[in-house]
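# Structural description and commentary
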Amino acid sequence: MKHFTLLRTLLAVVLLALTLQNCKTKTSEEKDAEVKDSAVAAPPAHEELNSDQSALLEKVIGDSPAGTFRGIVFGDPLSKVKATENFEMFEDVADHVGYTFETEKLETIDVQYFLTADKKVNKITVDVYLNSPDATKQLWNAGKSYFTETYQAPKENGKTVTWTKNSTHVSMEDVSEGKDYGLKFQFTPDKNVLAVK
């Protein structure tokens, strides 16, 4: 009788051990599912991460052929900026107004119109926040091509390119740092331009 009880206890321990072992192992289907669900399985494809940078440059520049930038010229009153600009306003202070636009790929364009004391445009800056170094390089090349065609030969100095034509100065700077990617554009007039207005 003692052998039978001992054998039965031993059998229960072995069955319990096997049951626990089966609970710990995963089927190959479960392992495959884990790999597919993992966030590090594959980086997003280039097309999924970045916008078409030529189209993005067109969005930055605007579709108005008139004006220095987005239908605005230096010396235009604040009222014209507010009537013309179609991005969302995010800032309206004494010396400038700011507008923003976010693309489907979560890239951001921030435009700021700086004003004189009598509320006339005297400088425009644009910050474009991008998703990758590839996007930055593509927008850089698209911007360089566009502004060279519009303003003629540029001057290059490291991460900055400048153009000057008809009393307008344009600069484009690669402001990427670490994992933050982007370009900054700046439009400024000669001092004489605002004096004439």
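Everything below is about the structure shown above.
Residues numbered from 1 in each chain as written. Predicted model: local features only at pLDDT ≥ 70, side-chain atom pairs only at ≥ 80, totals over all residues. Heavy atoms only, no water.

Let us look at the overall build of the protein. Check the secondary structure of the protein and you find 7 helices and 8 strands. Taking all 197 residues of the protein together, 32% fall into the buried category. Long-range contacts, defined as pairs at least 24 residues apart, comprise 44% of the intrachain contacts of the protein with a sequence gap of at least 6. Here the protein has roughly 12900 Å² of accessible surface; of this, 55% comes from carbon and sulfur atoms. (Helix = DSSP H or I, 4+ residues; strand = E, 2+ residues; numbered from the N terminus. Buried < 20%, exposed > 50% of the residue type's maximum accessible area, 1.4 Å probe, protein only. Contact = heavy atoms within 4.5 Å. Areas by Shrake-Rupley, 256 points an atom, 1.4 Å probe, with all protein chains shown as cover.)

As a further point, take the sheet that holds strand β4 (residues 121-130). Across the sheet, 8 strands lie side by side as β1-β2-β3-β4-β8-β7-β6-β5; this open sheet has antiparallel pairing. What marks the edges here is a single partner per strand, and that holds for β1 (88-93) and β5 (155-157). Across the sheet, the axes of successive neighbouring strands diverge by a mean angle of 15°, strand direction being ignored. Bridging between strand β6 (residues 160-165) and strand β7 (residues 168-174) involves 6 bridges; their strand directions are antiparallel. Among the inter-strand pairings, V161 is bridged to a residue of β7, identified as M172. The sheet contacts of helix α4 (residues 53-61) involve β2 (96-102), β3 (108-115), β4 and β8 (181-189), and relative to β4 the element is tilted by about 155°. Across the sheet, helix α6 (residues 133-151) is in contact with β4, β5, β6, β7 and β8; its angle to β6 comes to roughly 20°. (Pairing = 2+ DSSP bridges. Axes fitted to C-alpha atoms, helices over the stretch in contact; angles between N-to-C directions.)

Applying the stated criterion across every chain yields a total of 5 salt bridges. The closest approach of N and O atoms between E85 and R70, which form a salt bridge, is 2.8 Å. Separated by 15 residues along the polypeptide, E85 in the loop between α5 (78-84) and β1 and R70 in the loop between α4 and α5 bring together distant segments of the chain. A relative accessible area of 9% places E85 in the buried class. In this structure, E156 and K144 form a salt bridge, with 2.6 Å as the shortest nitrogen-oxygen distance. A residue pair is termed long-range when its members are at least 10 positions apart, and E156 in strand β5 and K144 in helix α6 qualify at 12 residues. Owing to a relative accessible area of 25%, K144 belongs among the partly exposed residues under this scheme. (Salt bridge = Lys/Arg side-chain N within 4 Å of Asp/Glu carboxyl O.)

Since the α-helix advances by 3.6 residues per turn, residues separated by three or four positions end up pointing in the same direction. If you check which residues of α4 are buried, you get Q53, L56, L57, V60 and I61. The buried residues of α4 occupy an angular sector of 135° when the element is viewed end-on, so they sit on one face. On its buried face, α4 sits against β3, β4, α6 and β8. Within two residues after α4, G62 carries a phi angle of roughly 90°, on the positive side. (Arc of directions from axis to C-beta.)

Any link to function would need more than the numbers given here.
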